[in-house]
Amino acid sequence: MLAIFSDILAHPKAVYAFWVWFNALLGVAFATGAVVLAPGRAKLGPLNLPFKPVKDSKESGGKRYSALHSIRMLFAHLHGIAFVYSGYYLSYTDILNSHDQLKTLAFGCIFCFGLMQTILHTKLIYERVVLGNQMSKPSTICVCTFGQITIGGFQFALLQEIAKADVGTHGAARDALVSLAVAGLVSGIGGIAGIRLFKFLSVGLDADRFEKEFLAPQVGGSQKKEK
């Protein structure tokens, strides 16, 4: 698969292909009902998402996510922040000046993606942790995880190409930035996908239990605990 991604990276319109694929995944999520648009919710405040919660706090009986579960949600921020930092320096300094294609991809697929990732998951944490809304269900996770794996594979192939590029005296700086980006990629995609898979296996591949025990808030509230 990495060889396929490497071929795509060589194309002058590769950055457009990246975002076309990202938006195609969003289209699948909307078409299948994995994510339901609710544009009016964005007017509620700057941290609200324009998506309909699977269950709001009232429907969940006022339950909240545990501290451990909330910390798990920060993994995506590690990915986003690492990409913003590394993507910025790879795009806006002269490290990749002799590699225009890689510099363009570093901006479009690392820096811009990192910004989107950070903003999106800041809003998700607000919706989940502060408001107590359940924002995903098993079908959401299926589309999300598939997208993360394919997008992450593309980004890893890009980072490999950047790591192999001849950047003259900037080798040490380039290597540090690539290492930071890879660390963010591993934590934000590998870590999250691994936790999801572990939990899904631990409930015997039962989608209903996976939703109740992992995707929905579980702490406190007015509802009695299920036996």
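Above this text is the structure in question.
Predicted, not measured: the structure shown is a model, and the values here were computed from it. (Residues numbered from 1 in each chain as written. Predicted model: local features only at pLDDT ≥ 70, side-chain atom pairs only at ≥ 80, totals over all residues. Heavy atoms only, no water.)

Tell me what's going on with unusual backbone geometry, and back it up with residues and numbers.
Unlike most non-glycine residues, Leu-205 shows phi in positive territory, near 60 degrees. Mapped onto the secondary structure, Leu-205 falls in the loop between α7 (171-202) and α8 (207-215). (Helix = DSSP H or I, 4+ residues; strand = E, 2+ residues; numbered from the N terminus.)

An account of the packing of helix α4 (residues 75-92) against helix α5 (residues 100-130) is requested, with residue identities and associated values reported.
Two elements in contact, α4 and α5, have axes whose closest approach is 7 Å; the angle formed by their N-to-C orientations is 150 degrees. The orientation of α4 with respect to α5, classified from their angle, is roughly antiparallel. When the axes of α4 and α5 are compared, the crossing they make is left-handed. The residue inventory of the contact of α4 with α5, partitioned by class, reads 15 nonpolar, 11 polar and 1 charged. (Axes fitted to C-alpha atoms, helices over the stretch in contact; angles between N-to-C directions. Parallel < 35°, antiparallel > 145°, perpendicular 65-115°, else oblique. Left-handed = near helix turned anticlockwise from the far one by under 90°. Nonpolar A, V, L, I, M, F, W, Y, C, P; charged D, E, K, R; others polar.)

Explain the side chain of His-77 to me, using residue names and the numbers behind them.
By secondary structure assignment, the location of His-77 is in helix α4. For His-77, a relative accessible area of 12% puts it in the buried group. Polar contacts involving the side chain of His-77 include one to the side chain of Thr-122, which spans 3.0 Å. Once residues within four sequence positions are removed from consideration, His-77 is found in contact with Thr-118, His-121, Thr-122 and Ile-125. (Buried < 20%, exposed > 50% of the residue type's maximum accessible area, 1.4 Å probe, protein only. Polar contact = N/O pair within 3.5 Å; in protein donor to acceptor, adjacent residues only side chain to side chain. Contact = heavy atoms within 4.5 Å.)

Lay out the state of the cysteines in plain terms, naming residues and giving numbers.
In the structure shown here, the tally under the stated rule is 0 disulfides. Looking at the unpaired Cys-142, the closest cysteine sulfur is the one in Cys-144, lying at 10 Å. Overall, Cys-142 belongs to the exposed group, its relative accessible area being 56%. By relative accessible area, Cys-144 is classed as partly exposed at 30%. (Disulfide = S-S within 2.5 Å.)

For the packing of aromatic side chains, give the residues involved together with the corresponding values.
All chains considered together, the criterion is met by 18 aromatic pairs. Measuring from ring centre to ring centre gives 5.3 Å for Phe-18 and Phe-154, while their planes differ by 40 degrees; the resulting arrangement is tilted. Here Phe-18 is found in helix α2 (residues 14-32), whereas its partner Phe-154 is found in helix α6 (residues 138-164), with 136 residues between them in sequence. Classification of Phe-18 by relative accessible area gives buried; the value is 3%. Assessed through its relative accessible area of 6%, Phe-154 is described here as buried. Joined through ring pairs, the aromatic side chains of Phe-18, Trp-19, Phe-22, Phe-83, Phe-113 and Phe-154 make up one cluster. (Phe/Tyr/Trp six-rings, centres within 6.5 Å; stacked < 30°, edge-to-face > 60°.)

I'd like to hear about α2, residue by residue, with values.
A turn of α-helix holds 3.6 residues, and therefore any two residues three or four places apart point the same way. Helix length check: α2 (19 residues) gives 27 Å between terminal C-alpha atoms against 27 Å at 1.5 Å per residue, within 8%. For α2, the full list of buried residues reads Ala-14, Val-15, Phe-18, Phe-22, Leu-25 and Ala-29. Along the axis of α2, the buried residues cluster in a sector spanning 130 degrees; they form a single face. Turned more than 90 degrees from where α2 packs its buried face, Tyr-16, Val-20 and Ala-31 sit exposed. The first or second residue beyond α2 is Gly-33, which carries a positive phi of 80 degrees. (Expected span 1.5 Å × (residues − 1). Arc of directions from axis to C-beta.)

Before we move on, could you go through the packing of α6 against α7 and cite the residues and values that matter?
Contact geometry of α6 with α7 gives a least axis separation of 10 Å together with a crossing angle of 160 degrees. The pairing of α6 with α7 is recorded here as roughly antiparallel in orientation. When you trace α6 past α7, the crossing you get is left-handed. Packed against α6, whose contacting residues are Ile-141, Cys-144, Thr-145, Gln-148, Ile-149, Gly-152, Gln-155, Phe-156, Leu-159, Ile-162, Ala-163 and Lys-164, the element α7 presents Arg-174, Val-178, Ala-181, Val-182, Leu-185, Gly-188, Ile-189, Ile-192, Ala-193 and Arg-196 at the interface. Residues belonging to the contact of α6 with α7 are distributed by class as follows: 14 nonpolar, 5 polar and 3 charged.

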